Amino acid sequence: MIKVDKDLCIGCGTCAALCPDTFQIGADGKSEAVNQNNMDCAKKAAESCPVQAISAE
Ligand code: SF4
């Protein structure tokens, strides 16, 4: 399950830049996972997130 903890997310955009098909910055300025199709990319995004807001497992 690919998930973003919106309480932690600071909306830096790194995950959306790395995996634009998986993460989008919503109207609230926070990232969300829009599908579950690319776990490999989501894992890389999770490693790159500065606040560890992404879980991908
Ligand atoms: S990389 Fe982390 S902090 Fe940055 S937008 Fe994505 S989930 Fe939010």
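Notes on the structure in this doc start here. (Residues numbered from 1 in each chain as written. Predicted model: local features only at pLDDT ≥ 70, side-chain atom pairs only at ≥ 80, totals over all residues.)

1. Thoughts on the site of the ligand
- What surrounds the ligand is a group of 15 residues, the closest being Cys-9, Cys-12, Cys-15, Ser-31 and Cys-49.
- Its residues assigned to classes, the shell around the ligand comprises 11 nonpolar, four polar and no charged. (Near = placed C-beta within 6 Å. Nonpolar A, V, L, I, M, F, W, Y, C, P; charged D, E, K, R; others polar.)

2. Some details on the nonpolar core
- Membership of the largest hydrophobic core comes to 14 residues, with the highest contact counts inside it found for Cys-15, Ala-42, Ala-45, Ala-46, Cys-49 and Ile-54.
- Counting only elements with at least two residues in this core, the list comes to strand S1 (2-4), helix H2 (39-48) and strand S4 (54-56).
- Top contributing element to this core by residue count: H2, with three residues.
- When residues no more than four places from it in sequence are discounted, the contact partners of Cys-15 are Phe-23, Ser-31, Ala-45, Cys-49 and Ile-54. (Core = buried A, V, L, I, M, F, W, Y, C linked by C-beta atoms within 7 Å. Buried ≥ 20, exposed ≤ 12 C-beta atoms within 10 Å, placed from the backbone. Helix = DSSP H or I, 4+ residues; strand = E, 2+ residues; numbered from the N terminus. Contact = placed C-beta atoms within 7 Å.)

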